[in-house]
Amino acid sequence: MRNVAFGQYYPTGSFIHRLDPRTKLFAGIVFIAAAFVADSYWAYLACYAFLIFVILVSKIPILQVLKTIKSVFFIILLSVILNVFFHHEGKVLVSWWKIKITAGGLLYSGQIILRLMFLVLSTSLITLTSTPTELTDGLEKVMSPLKYLRFPVHDVAIIMSIALRFIPTLMEETDKITMAQKARGAKFDTGGPFARAKALLPVLIPLFVSAFRRADELAFALDARCYNATEARTKMKILRFGWKDLTAFLFLALFLTVIAFFRSGFFGLL
Amino acid sequence: MSIEIKNLSCVYGVRTPYEKKALDNISFTVNEGESVGLIGMTGSGKSTLLQHLNGLIKLKSGSVKVFDIDLSKRRPDLMKLRKHVGMLFQYPEYQLFADTVKDDIMFGPLNFGMKKPEAEEAAARAAELTGLNWEDVKDRSPLELSGGQKRRVAIAGILAYSPDILVLDEPTAGLDPLGKKEMLDLIASLRKTTVSTVITVSHNMDEIAEYCDRVIVLSDGKLLYDTTPAKLFYEEDLAPLHLQPPHAVRIVRLLENKGIRLPHDVLTEDQLVAAIKEYFSGGGHA
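Residues numbered from 1 in each chain as written. Chains lettered and ligands numbered in written order. Predicted model: local features only at pLDDT ≥ 70, side-chain atom pairs only at ≥ 80, totals over all residues. Heavy atoms only, no water.

### Focus on the overall build of chain A
Then step 1. When helices and strands are counted, chain A shows 11 helices and two strands.
Then step 2. Its helices and strands in sequence order give chain A the pattern α-α-α-α-β-β-α-α-α-α-α-α-α, from N to C terminus.
Then step 3. In terms of overall size, chain A is more extended than a compact globule, its C-alpha atoms giving a radius of gyration of 24 Å where 270 residues would be expected to give roughly 18 Å.
Then step 4. Dimensions of chain A, computed from the C-alpha atoms along their principal axes, are close to 65 × 55 × 40 Å.
Then step 5. In chain A, which comprises 270 residues, the proportion classed as buried is 35%.
Then step 6. When contacts within chain A are restricted to residue pairs at least 6 apart in sequence, long-range pairs at least 24 apart make up 73% of them.
Then step 7. Looking at charge distribution, chain A has the averaged site of its 30 positive side-chain charges lying 7 Å from that of its 16 negative ones. (Helix = DSSP H or I, 4+ residues; strand = E, 2+ residues; numbered from the N terminus. Rg over C-alpha atoms; globule rule 2.2 N^0.38 Å. Buried < 20%, exposed > 50% of the residue type's maximum accessible area, 1.4 Å probe, protein only. Contact = heavy atoms within 4.5 Å. Lys, Arg positive; Asp, Glu negative; His and termini not counted. Charge placed at Lys NZ, Arg CZ, Asp CG, Glu CD.)

Encoded structure:
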């Protein structure tokens, strides 16, 4: 594997890795909720303390987790700029022409940074600690009540896991084709935007041809093995809730309570 | 000297659980006119080594020199390098993209700065070299050709910009026996007429024995042997590499067990037949 993508499964075999994927999906919801419930710097301090604790338990190098922020850097930047300039509250620090920067705006932007970073870091922990297969299995289970609404849960799960399965394959293929065209003198980084887009054709066309060929072959292979996505299919690895998951759940509940306490000012105690 | 590689090492995914040492201190040279076979199991570092020969991955440690292009220098002229070293990847037919065979073969020459009429002429010449009927195929879509023809188009796409060295990654993979034979004969005839220096990756020891004057064996990123096919197949123990010697060599060994000693330079079917005839015509037996 050449370039390990950000947020890609990072095996360490830790406590978190061995949790049931459903627990981790639930944790994802708790993280998202926490990020929006927290509304003070103290609450964020608690969030990050919790996050660092989880990262330590997962035994994933912190730098590896931090790398995932790169992918949303521009979104963070954009929302900070918008808030610095358009959120007006409290003392005016800078005022020039139509632009006003206020103390409240800066503080609020700081919170936005912390909130977005927390969202990305905590949810990427889920993909860092579970394999795509585990995640789709987990999702299938979580979505299974939708079956009663005639929603094709199993088919959707299969489609998802096939899509996930082929991401690295197609990436590898892109790599190979790019190299082959480079060897024939193709240049991908010169010229204007139009020339650059056109330069991608020699990669995109073979990539599409091969994606369709693979899809075709896979369909035949599924057919040949009488695959029909019926309910009778069983799983090799059955998901089981264990004491680990119970521990995680209690821990998450504690975390959410703490954050909620911060919001209510400890029920007026502080 | 055409290619000079010194202390080349390459590590993928540094400081991740996926860290892998793909090449470990490799040194060798290739002279003009040599046909070098490259052998090694999957994951032994062959592909990584080949990619270095075209500047497709960044050189991190060691040096690679092709003619006067030194990849360890800052900003080497990669276009010049790629024009010198024509590289045919595995299953090259999957890299064809243009609407017509003509456009696909002309892609390389145009990239390397030829003018259109010039490039078309070069494309026609390259196509004929590979045994394609230019008038017949030039306006057809490469996708509607047969597997063997597609591969010829891919090779023509490389020959069209007249490289000085040809690097072939498993050129016969996935072809039927006849296609294989035709491909190997094509490469042999190219060596006589257009490109004299060829590096071939192959898993077929019979092919290596017949078409290469030198073999380089990679294992776990290390250079294990750099020798002649005769020495490799007769003197070295290939079992740990899971390599079967060529059929001729195996037959020579079987005959030896029966007390018939043939010379240890027999590598191909023709040589074997000749050696057996020679032995029984009175030359060899005691």
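### So, the interface of chain B and chain A
Then step 1. Contacts between the two partners involve 25 residues from chain B, matched on the other side by 23 residues from chain A.
Then step 2. Surface buried jointly by chain B and chain A totals about 2200 Å² across both partners, of which 64% is contributed by carbon and sulfur atoms.
Then step 3. Among the residues chain B hides against chain A, the three largest losses belong to Tyr18, Tyr94 and Phe97 of chain B. Together they make up 27% of the total.
Then step 4. Here chain B and chain A share one salt bridge between them.
Then step 5. Linking arginine 184 of chain A and aspartate 104 of chain B is a salt bridge whose minimum nitrogen-to-oxygen distance equals 3.0 Å.
Then step 6. Across the chain B-chain A interface, the total number found is four residue pairs in polar contact (both at pLDDT 80 or more).
Then step 7. Elements that contribute at least two residues to the side of chain B that touches chain A include exactly helix 2 (78-84) and helix 3 (101-111) of chain B.
Then step 8. Broken down by element, the side of chain B that touches chain A gets its largest block of residues, four residues, from helix 3 of chain B.
Then step 9. Split by residue class, the side of chain B that touches chain A holds 14 nonpolar, eight polar and three charged. (Buried area = accessible area lost by both parts, 1.4 Å probe. Salt bridge = Lys/Arg side-chain N within 4 Å of Asp/Glu carboxyl O. Polar contact = N/O pair within 3.5 Å; in protein donor to acceptor, adjacent residues only side chain to side chain. Nonpolar A, V, L, I, M, F, W, Y, C, P; charged D, E, K, R; others polar.)

### With respect to helix 7 (residues 177-193) of chain B
Residue and element names in this part refer to chain B.
Then step 1. Helix length check: helix 7, at 17 residues, gives a terminal C-alpha distance of 24 Å against a target of 24 Å (1.5 Å per residue), a fit within 8%.
Then step 2. Of all the residues in helix 7, the buried ones are Gly179, Met183, Leu184, Leu186, Ile187 and Leu190. Along the long axis of helix 7, the arc covered by the buried residues comes to 155°, so they all point the same way. Structural note: helix 7 exposes Pro177, Leu178, Lys192 and Thr193 on the side pointing more than 90 degrees away from its buried face.
Then step 3. Contacts from the buried residues of helix 7 go to helix 4 (116-129), helix 6 (147-159), strand 7 (165-169), strand 8 (197-201) and helix 8 (205-211). (Expected span 1.5 Å × (residues − 1). Arc of directions from axis to C-beta.)

### Here we look at the domain arrangement of chain B
All names here are of chain B.
Then step 1. Under the domain assignment, chain B is made up of domain 1 (1-95 + 167-172 + 201-238) and domain 2 (246-286).
Then step 2. A C-alpha centroid distance of 33 Å is found between domain 1 and domain 2.
Then step 3. Across the contact, eight residues belong to domain 1 and 12 residues belong to domain 2.
Then step 4. If you sort the residues of domain 1 by the area they bury against domain 2, Asp206, Phe233 and Tyr234 come out on top, with a joint share of 69%.
Then step 5. At the junction of domain 1 with domain 2, the criterion picks out zero salt bridges.
Then step 6. The tally of links between domain 1 and domain 2 comes to four residue pairs in polar contact (both at pLDDT 80 or more).
Then step 7. If you list the elements that add at least two residues to the side of domain 1 that touches domain 2, you get helix 8 and helix 9 (229-235).
Then step 8. Looking at the side of domain 1 that touches domain 2 residue by residue, the class counts come to six nonpolar, no polar and two charged. (Domains from an automatic or database assignment.)

### Digging into the sheet that holds strand 2 (residues 20-30) of chain B
All names here are of chain B.
Then step 1. Strand order in the open sheet formed by four strands is 2-1-4-5, and the pairing between neighbours is antiparallel. In this open sheet, the two strands that pair with only one neighbour each are strand 2 and strand 5 (69-70).
Then step 2. With five bridges connecting them, strand 1 (residues 3-12) and strand 4 (residues 61-66) associate as antiparallel partners. Across the sheet, serine 9 pairs through a bridge with serine 61, a residue of strand 4. (Pairing = 2+ DSSP bridges.)

### A word on the sheet that holds strand 8 of chain B
Residues and elements named next belong to chain B.
Then step 1. Strand order in the open sheet made by the six strands is 6-7-8-3-9-10, with mixed pairing throughout. In this open sheet, the two edge strands, each paired with only one partner strand, are strand 6 (85-88) and strand 10 (222-227). Averaged over neighbouring strand pairs, the angle between their axes works out to 15° when direction is ignored.
Then step 2. Of the strand pairs in this sheet, strand 3 (residues 35-39) and strand 9 (residues 214-219) are connected by four bridges, and their pairing is parallel. Considered in strand 9, the bridge of leucine 38 is made with isoleucine 216.
Then step 3. Along the sheet, helix 6 contacts strand 6 and strand 7; its crossing angle with strand 6, the most-contacted strand, is approximately 165°. (Axes fitted to C-alpha atoms, helices over the stretch in contact; angles between N-to-C directions.)

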